[in-house]
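Here's the letter readout for the chains.
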Amino acid sequence: LILLAPLTATAQISNIYGTAITVNERVITHFEILQRAQMLQLFGAKGDLQANAKNTLIDERLYLQAGADLGVLPSESDIQAGMDEFSARGNYQPIN
């Protein structure tokens, strides 16, 4: 079940941390969407960044739910390895 709340310009959002989308009882906030859209812009993505951000975040929530349902979730070391790989690809330094 996916519920969408309309996303308008940042100035019109009354609570930036409020619920924008609910995916199987998991919340995606306006802040998450805006941050993801900004990240996509920094990476040079084209097209409707807001829509792309929403769709990607919805997919991620569905993947997490499927993983939880199957009992397959990443360990802390898996998450750290993914963050390290992401940082290396962009030549970024992780913040500790």
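Preceding this paragraph is the structure being described.
Reading the values: rules and limits
- Residues numbered from 1 in each chain as written.
- Predicted model: local features only at pLDDT ≥ 70, side-chain atom pairs only at ≥ 80, totals over all residues.
- Heavy atoms only, no water.
- Pairing = 2+ DSSP bridges.
- Helix = DSSP H or I, 4+ residues; strand = E, 2+ residues; numbered from the N terminus.
- Core = buried A, V, L, I, M, F, W, Y, C linked by side-chain atoms within 4.5 Å.
- Buried < 20%, exposed > 50% of the residue type's maximum accessible area, 1.4 Å probe, protein only.
- Phe/Tyr/Trp six-rings, centres within 6.5 Å; stacked < 30°, edge-to-face > 60°.

## Section: the pairing of strand 3 (residues 26-29)
- Where strand 2 (residues 19-23) lies against strand 3, 4 bridges are found, and the strand directions are antiparallel. Following the sheet pairing, Thr-19 is matched in strand 3 by Thr-29.
- Linkage of strand 2 to strand 3, two consecutive antiparallel strands, is achieved through a turn of 2 residues, within which Asn-24 is found at a positive phi near 50 degrees.

## Topic: the nonpolar core
- In this structure, Ala-20, Ile-21, Val-23, Ile-28, Ile-33, Ala-37, Leu-40, Leu-49, Ala-53, Leu-57 and Ile-58 together form the largest nonpolar core, which totals 11 residues.
- Broken down by secondary-structure element, the contributors of at least two residues to this core are strand 2, helix 1 (30-42) and helix 2 (49-70).
- Residue contributions to this core peak at 4 residues, all from helix 2.

## Things to note about the packing of aromatic side chains
- Per the counting criterion, the structure on display carries 2 aromatic pairs.
- For the ring pair Tyr-17 and Phe-31, a centre distance of 5.1 Å and an interplane angle of 45 degrees mean the geometry is tilted. With a gap of 14 residues between them, Tyr-17 in the loop between strand 1 (2-4) and strand 2 and Phe-31 in helix 1 connect regions that are remote in the sequence.

Function-wise, these values are silent; they only describe arrangement.
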